[in-house]
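# Structure assessment
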Amino acid sequence: MYSNKIEGPRRGRSFDSINIAFEEKLLNNEINKSTFTKIEENTEKKNAPEKERATIIFSLKNEVGGLVKALKLFQENHVNLVHIESRKSKRRNSEFEIFVDCDSNHEQLNEIIHLLRKHVNIVDMEPPDNSRLFEDDTYDVPWFPKKISDLDKCANRVLMYGSDLDADHPGFKDNVYRKRRKYFADLAMAYKHGVPIPRIEFTEEEVKTWGVVELNKLYPTHACREYLKNLPLLSKYCECREDNIPQLEDVSRFLKERTGFTIRPVAGYLSPRDFLAGLAFRVFHCTQYVRHSSDPLYTPEPDTCHELLGHVPLLAEPSFAQFSQEIGLASLGASDDSVQKLATCYFFTVEFGLCKQEGQLRAYGAGLLSSISELKHALSGNARIMPFDPKVTSKQECIITTFQDVYFVSDSFEEAKVKMREFAKTIKRPFTVRYNPYTQSVDVLKDTPSINSIVEELQHELDIVGDALSRLNKQLGI
């Protein structure tokens, strides 16, 4: 679940002043102690990645020993320093910049840059092959998770709700409900990747509320066929019944076998960037709390009823799972403006999307499938319907307090996926990413070596396809 509030810029471009003389003294002491590896002592293993010269320019933050801390990172990551110098900044006359030449391969450079950003302001860099690692705005590329466990770093950045409720929330004056919400929030905040999701003993009141929401008789005539196909599977494999709320761990295992998606508990609203980042790894951030019983057909924020009844059935559909993941992948490292556009497209598809089947409009958006009144409205013939076009959809206002002003329709998930792929190509990003399902990580494709490695993998996959076709032809006597 995500909030439509976009987060501010993650990094500024200010360069803090430094006491360069003091830093150089500390540095010389360290070098005299042979802290850093000498060039002539650096030997490479035959099977190690080839190293070439790389250059990094950075300015220091205002802290004692900052330069020594930064340079020690090179030693700890086995990056050989060839040349170091300080020079007056060409950008700000009152400041100094550190110019470093090093022997590095691309993997090491990526790692050292990630670590350096905690201590310095990156000004410029050139990778080993003398081609730009990123464009001129390298140091403004927002941090994004590279592997699935990195989600631990951003899954708890809840923007709203969680255990805190607004004054107009149905449960605001209910102290028992607020205490229960805090319990769920604490569980989610303590969760780490790889750990089984805690099983919940839901109260009688929560199960009763779930039963009212679950009794939606509109699905056969209003929901898309993919939803209708997968919904019964929740009953079969996750004990989804009117009198039983499924456990997220069971749902996660079910999705893993169907499409590779998994569930991660979350305390409340995440920013669009953090929520979409999870989708890139086929991780769906899901709440465990139940809406307030005073109004079971309304909730001001997504609850487990919305997540399980609205999202999960379609996350079990391969084509829809792929569509969701591609929106997430497009968001990694993108600008705030681009992330907001992607989040808006997500809102009007995954949350409130419509499709055409057998000549009739059908709903696939979770926000519609978990809201009886809006589901009726969207398919009543009175709602404004437009073809899904990411360029247009991304500019539409998202409404969370009333019905949407417009709904967007696609002929199929495949059509929507193709359109989103083309839209993703227009996002200004100095690289592209590819998900590696074996390591549950993303490969950043930014230079010739990284692209060549993908080409080699594709050639191997094509060989497998060619072999399969050859064997099939023999069987058919062709």
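Residues numbered from 1 in each chain as written. Predicted model: local features only at pLDDT ≥ 70, side-chain atom pairs only at ≥ 80, totals over all residues. Heavy atoms only, no water.

A word on the pattern of salt bridges. Under the counting rule described, the total for this entry stands at 23 salt bridges. We note a salt bridge from R421 to E326, for which the minimum N-O separation is 2.7 Å. Taken as a pair, R421 in helix 16 (residues 413-424) and E326 in helix 11 (residues 318-331) lie far apart in primary sequence, 95 residues in all. Classification of E326 by relative accessible area gives buried; the value is 16%. Between E414 and K417 there is a salt bridge, with the nearest N and O atoms lying 3.2 Å from each other. One end of the pair is E414 and the other is K417, both in helix 16 and three residues apart, which spans about a single turn. With relative accessibility at 7%, the residue K417 sits in the buried group. One salt-bridge network, held together by shared partners, links K147, D150 and K153. (Salt bridge = Lys/Arg side-chain N within 4 Å of Asp/Glu carboxyl O. Helix = DSSP H or I, 4+ residues; strand = E, 2+ residues; numbered from the N terminus. Buried < 20%, exposed > 50% of the residue type's maximum accessible area, 1.4 Å probe, protein only.)

We now examine the pairing of strand 5 (residues 262-265). On strand 5, burial covers both faces: T262 and R264 on one face and I263 and P265 on the other are all buried. Here strand 5 pairs with strand 6 (residues 283-286) via four bridges, running parallel. By the bridge assignment, T262 is partnered in strand 6 with V283. Considered for its hand, the β-α-β crossover made up of strand 5, helix 9 (residues 272-280) and strand 6 is right-handed. (Pairing = 2+ DSSP bridges. Right-handed = clockwise from strand over helix to strand, strands pointing away.)

Turning next to the pairing of strand 3 (residues 96-104). Residues in a regular strand project their side chains so that they alternate between the two faces of the sheet. Summarising burial for strand 3: eight of the nine residues are buried, a large majority. In this sheet, strand 3 lies alongside strand 1 (residues 52-60) in antiparallel orientation, the contact comprising seven bridges. Within the sheet, the bridge partner assigned to A54 lies in strand 3 and is C102.

The biggest cluster of nonpolar side chains holds 75 residues, and the ones touching the most others in it are Y227, L255, L276 and F284. At eight residues, helix 12 (residues 336-351) tops the list of elements feeding residues into this core. Setting aside anything within four residues of it in sequence, one finds F284 in contact with F261, T262, I263, R264, F275, L279, E307, H311, L315 and Y346. (Core = buried A, V, L, I, M, F, W, Y, C linked by side-chain atoms within 4.5 Å. Contact = heavy atoms within 4.5 Å.)

Once that is clear, we can look at the sheet that holds strand 10 (residues 407-410). Hydrogen bonding along the main chain pairs the strands of a sheet, whether they run parallel or antiparallel. Strand order across the open sheet formed by four strands is 8-7-10-9, with mixed pairing between neighbours. Both edges of this open sheet fall to strand 8 (360-363) and strand 9 (385-387), since each of them pairs with a single strand only. When the angles between neighbouring strand axes are averaged without regard to direction, this sheet yields 40°. Note: strand 9 against strand 10, three bridges, orientation parallel. When the bridges of strand 10 are listed, M386 appears paired with F408. (Axes fitted to C-alpha atoms, helices over the stretch in contact; angles between N-to-C directions.)

Turning our attention to unusual backbone geometry. We note that H78 has phi near 60°; this positive angle belongs to a residue other than glycine. Mapped onto the secondary structure, H78 falls in the loop between helix 2 (66-76) and strand 2 (80-88). By relative accessible area, H78 is classed as exposed at 64%. For Q440, which is not glycine, the phi torsion reads 50° and is therefore positive. Along the chain, Q440 falls in the loop between strand 11 (432-436) and strand 12 (441-445).

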